[in-house]
Every structure is written in structure tokens, then in C-alpha cells.
Amino acid sequence: MNQDKIIVHIDRDLEDLIPVFLDNRVKDIENLKSAVTVNDYDKLRSIGHNLKGVGGGYGFAMITDLGADIEAAAKVNDIKTINELINSLADYLERVEIVYQ
Amino acid sequence: MEEGQTYRNYRLLIVDDDNDVLSLLSSWLTQAGFEVITATSGEEAISKIPGAKLVITDLYMNGMSGMQLLSEIHKDNPLFPVIMLSGQAQIPDAIKATHLGCSAFLTKPVEQDNLINQVKHVLRLTRDTAADNGFAKNIVYRSKQMADLLELAKSVADSNVTVYISGATGTGKEIIAKAIHEASSRRANPFIAVNCGAIPEQLLESELFGHEKGAFTGANTRHEGLFQAANGGTLFLDEIGDMPLSLQVKLLRVLQDLEVRPVGSVKTFPVDVRIISATHQDLDKAVKAGEFREDLFYRLKVIPLHMPSLADRCDDVPVLAEYFLEKYAKQNNKKKKHFSPDAMDYLISSSWPGNIRQLINVVDLCATLCKTNTISLSLVKTALQDVPKEIQTLKETKDACEKNYLISVLRITSGHVANAARIAGRNRTEFYKLLNQHNLDPGQFRFKKES
């Protein structure tokens, strides 16, 4: 797996909010994995929908894109794609490095 | 004043069941100078609304949805501004929210600048319609067209500049004229409105400029005239396009010299009157056709304002319909009714050839006939059929009335002009002029009598 850091520039005014925001995304990954084990597509779609709505606003456009893909895949019960997207999200969160400006 | 200072006292309520969204939007709006409070459900939001100037709510939430919250808020205050956010850009949701009176519908992810601009825009409109005790406080609107128009009108109100208002019949030209007067330094002095099309040509001159005693047959006393009556204030010349050419030149002279000479007088009197004129006609065309003096036209049209038709400002139909329902309820001491969503859809999509005047008639008819609290689509359809679409202008109505009266008098007198003129209180020359204006031939009435 590529270990290069992904640099994201974030508005300094949001600095206090970012740790909580990223913690919540880690929780999202756990919830997504749990939903996959029981084929809970409604929950998968809902989490994907929320990721899509909130990621870009904080400056993480990738989270919005992955959320939109998870939502779309959940609508057609595509569990294989959902698993790939969850891994991509986890990988992104591992590698993201924030530069406040 | 810095922009942030402007909104320091504006408390916004943000409603979303996602704490990350609440934190983000709170941060943005606090930075922009607003005071922000939050709620994680529609139910919680209801208790926090008092004191808030605007609500921003997510559409899909557990428990009470954003749409239900919007309806709850508008039960008490139909004009309260609500901005709806949705993660799904579904047009039916946006349409429904708009019809329920939502001020703006934004799709997530929301952009910071877009959100702040929308909030400021909505607050500006709300301030104009509800909170601002100054300009145009009686004008109900939410549309950008009206906001732009009122901003322009407000900017010229406190000056002496001549204003020209164009727009179809029933769009509210006189209301704008009055708002301009009320916002000017002339507000303590008279605002006098005169419909140039409703007064016979021979009377309009003395009506506007006055006359001396004995100036013409029937001038038994001295008459001051509206220019002098409006001294220090505003004279609203409605339907200026109907003013006869012979009088146009006299009006032009008054505007240039700022003094009037009453009919039959050798003296002139200085007047300090601001002129606001209005017409439903296309005066550019009238000028080209030689029916309206070009020099007067440009003298009047220093600041042109155009009143949009109701169909062009259909965003305003819900707030206007609610306003007129409330007014009807108060005037008739009855409980206020509501339009059902499909009835409101129908109102919004109607063509409204009679503009606001027609809307008032439809609302009053619906409120009168409706036996329940909710006005149905079928009743709205009936009301729109029953209320005449082509509402006549005052001049058209007066002309028709005058013609009917002349016909009656000619019938009674069997077409005897001298007797008819005596009954009508006019001399024969004036009476003949009236007959000519209405294309009436007294001979026809004599012929009918003989046959």
C-alpha cells in the first residue's frame, strides 16, 4: 500500500474542529464495516450520504467523493465496491496530513 | 460599519442531526458575524425559535423532517425565513419546499460563500418586509425583482427627483409612489393621487391647476387645484399617458417654472411639489406616435421604475396570498384559513392578468366560500374562473359608466340635446363634446322614438 502522505490544506479557523471531525470518520469506518457484515444497505447508504454532505465543507473533497460512491453502491447493493471504498477511506484517513493556512 | 457588525444582533438557528455539519456551519456563520445557536432535531428547534431571525435546517432528519419543521414555523409566522439544506438535489423536494415558503434551498455539500451570501440575502429581504419600520413597510414580497426595485426606489426616495413608474394595471404602482413619499422629507405634507384618465379633459386642467370664480360656466367659486393642495408634498399623476396633449404642455410649463396659473387667473402661484407619475401604457411608443410630448416624457422619466407583473414575481404569490388571507380574517373577525399545497401550486402557476388586484379578489372569494380551515384546489380553480381575468382600469370603468349615463339621458329625452344637457348639468357645447367622445348620435334616439 502506498504510504505517501496526502497533504490537505485546511482553513485555520477550522483547526479546533478537525480532530473531532476525523475521529468521527474513524467511527464511520467501524460502522460501515459493521453494516457490511449484516448487509445493512440502508445504513451504508446513510453513512455514505452523510460523508458526501460534510467532507468537502471541512476541506476534504476526497471524503465527499468516497461518500457519494458508497451511497451510490449501497443503492444497488454492490457489496464488493462498498468494501473497496471503505478500504480507500481508511487508507485516506491513515495518510492524510493537514496543513492549516 | 463593517459588514460583520451589521449582523451582530442576528441570531441564526441551525438544525441538523449531524454534529459535524452543525459545527462546520456554526464556525462559518460565527466568523461572518452572526450569533449562532443549534439544535439536533426539529423538535428541539421549535423551542429555540423565539429570538432567532432565521432558521437553517436539514431536510432529512430523524423524527421531525425539515419540511415538517418549516410548516410548523409558518403556522405562526408565514414570513419567517427558513433555508433548507439537502444532501440530495431532488427537484420535487426543492419545489415543495419553495411552495411551502422556504426562502432558499441549498444542496450539500454547501459552499461557505454560497451559504453566507444566501443568509445575508434572505435576511435583507426579511428586514425589508418585516423588521424595518422604514421604507416600504406595507409592501409584501420575497422576490429578487421586488427587492431590486425597492432598493432603487429607496435610494431615490429622500430627494426631489421626479419618478416615473411603469407597469401593468393592478401591479401596485400607487403603493410604491406612496412608499417613496413616506420615506422622503415631504412625508409630513400631503400625498395627493389623481387619475389623469378618469377626469374629463375639460375638468382636468382646473382640477390640477385650479380656477378663478367665473372662469367658465359653472365655476361659481374659486378652486385651488391639486398642485397647490399638494404644496410641500407629492403629487402622484396616475395614468399620465391618458393626459390630453393640450394639457401636457401646461404641465411641462409647471414643472419647468415651478409655478401654476389657475384657469381664468392672470396671477401665478409658486408651488413646491414632487411629481411621481405612472402609466400602464408604453409611453415610448406614444412619444413616437406623437401622442405624448417627448420633452414632458423625459422631464417625468428622470428615475424610471418598472413594476413587475405578478406572474413575473410568482415567488411572491405564497407570501401575498397568506398576507391577504390574514387581512381578510382580521377584517371579517374570522379565523385565518390556509391554502392546501396543491391549491398554492395552482395559484403560483396561474398567469394573473389582473395582477395583485386579481389575487386579492381570488383570495377574498376563496376565504368567503371555504367552509373549512383549508382552501382546496377545486375552490381555487372555481374562484379563478369566477373572478374576471381582465379587470378594467378605472378609466375604462368610468368611460363605460359615463356612456351608459349619456345613453339613458338621451333615451329619456328622445335625443333632445338641450334637454339632455340640462339634466346632465352641462351646457350644450360640453354635452356635444361628450357625445362625440363616446361616438353617440342623438339622432338615433329620435329615430327609435318615432318608430
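All values derive from a computational prediction rather than experimental measurement.

Conventions adopted
- Residues numbered from 1 in each chain as written.
- Chains lettered and ligands numbered in written order.
- Predicted model: local features only at pLDDT ≥ 70, side-chain atom pairs only at ≥ 80, totals over all residues.
- Helix = DSSP H or I, 4+ residues; strand = E, 2+ residues; numbered from the N terminus.
- Buried ≥ 20, exposed ≤ 12 C-beta atoms within 10 Å, placed from the backbone.
- Contact = placed C-beta atoms within 7 Å.
- Nonpolar A, V, L, I, M, F, W, Y, C, P; charged D, E, K, R; others polar.
- Core = buried A, V, L, I, M, F, W, Y, C linked by C-beta atoms within 7 Å.
- Domains from an automatic or database assignment.
- Pairing = 2+ DSSP bridges.
- Right-handed = clockwise from strand over helix to strand, strands pointing away.
- pLDDT = per-residue confidence, 0-100.
- Axes fitted to C-alpha atoms, helices over the stretch in contact; angles between N-to-C directions.

J.: Describe the overall build of chain A, with residues and values.
T.: Summing up its helical and strand segments, chain A has four helices and two strands in all. Listing the helices and strands of chain A from first to last along the sequence gives β-α-α-α-α-β. When burial is assessed residue by residue, chain A has 32% of its 101 residues classed as buried. For chain A, restricting intrachain contacts to residue pairs at least 6 apart in sequence, the fraction spanning at least 24 positions comes to 57%.

J.: Lay out the interface of chain B and chain A with the relevant residues and their values.
T.: Listed by partner, the interface residues are eleven residues for chain B and 15 residues for chain A. Considering only residue class, the side of chain B that touches chain A consists of four nonpolar, four polar and three charged.

J.: I'd love a proper account of the nonpolar core, names of residues and values included.
T.: Residue and element names in this part refer to chain B. The biggest cluster of nonpolar side chains holds 63 residues, and the ones touching the most others in it are Ile165, Phe227, Ala321 and Leu359. When residues of this core are assigned to domains, at least three map to each of domain 2 (156–306) and domain 3 (311–386). Beyond its immediate sequence surroundings of up to four residues, Ile165 is in contact with Lys173, Ile176, Ala177, Ile276, Ala278, Leu305 and Met307.

J.: Can you explain the pairing of strand β2 (residues 35–39) of chain B? Please cite residues and give values.
T.: Residue and element names in this part refer to chain B. The sheet contact formed by strand β1 (residues 11–15) and β2 spans five bridges and is parallel. In the strand pairing of β2, Val15 is matched with Ala39. A crossover connection joins β1 to the parallel β2 through helix α2 (residues 19–31); in handedness this β-α-β unit is right-handed.

J.: Tell me about the confidence of the model for chain B, and please be specific about residues and values.
T.: Residue and element names in this part refer to chain B. Summing up the model confidence of chain B, the mean pLDDT is 85 and the portion of residues at 70 or higher is 92%. Taken as a whole, residues 1–5 scores under 50 in pLDDT and shows five contacts with residues more than four places along the chain or in a different chain. In this model residues 128–133 is a low-confidence stretch, pLDDT under 50, and it forms ten contacts with partners more than four residues away in sequence or in other chains. Taken together, the chains of this predicted complex give a pTM of 0.53 and an interface ipTM of 0.86.

J.: Explain the environment of Ser351 of chain B to me, using residue names and the numbers behind them.
T.: All names here are of chain B. Looking at where Ser351 falls in the secondary structure, it is placed in the loop between α15 (341–349) and α16 (355–369). For Ser351, a count of 12 C-beta atoms within 10 Å translates into the label exposed. Separated by 41 residues in sequence, Ser351 and Leu310 have C-alpha atoms that sit 8.0 Å apart.

J.: Report on the sheet that holds β1 of chain B, specifying residues and quantitative values.
T.: Through backbone hydrogen bonds, the strands of a sheet pair up, either in parallel or in antiparallel fashion. All names here are of chain B. Taken in spatial order, the five strands make up an open sheet running β2-β1-β3-β4-β5, and their pairing is parallel. The two strands at the open ends of the sheet, each matched to only one other strand, are β2 and β5 (104–107). The mean angle between the axes of side-by-side strands here comes to 20°, regardless of whether they run parallel or antiparallel. For strand β4 (residues 82–86) and β5, the ladder comprises four bridges, and the chain directions are parallel. Residue pairing across strands places Leu85 opposite Leu106, the latter belonging to β5. Helix-sheet contacts for α2 involve β1, β2 and β3 (54–58), and the interaxial angle to β2 is about 165°.

J.: Before we move on, can you summarise the pairing of strand β8 (residues 234–238) of chain B with the specific residues and values?
T.: Residue and element names in this part refer to chain B. Among the five residues that make up β8, five are buried, leaving the element largely enclosed by the rest of the structure. Summarising the sheet, strand β7 (residues 191–195) and β8 pair through five bridges and their orientation is parallel. Along β8, the bridge assignment pairs Asn195 with Asp238. As defined by bridge partners, β8 adjoins strand β11 (residues 274–279) across four bridges and the pair is classed as parallel.

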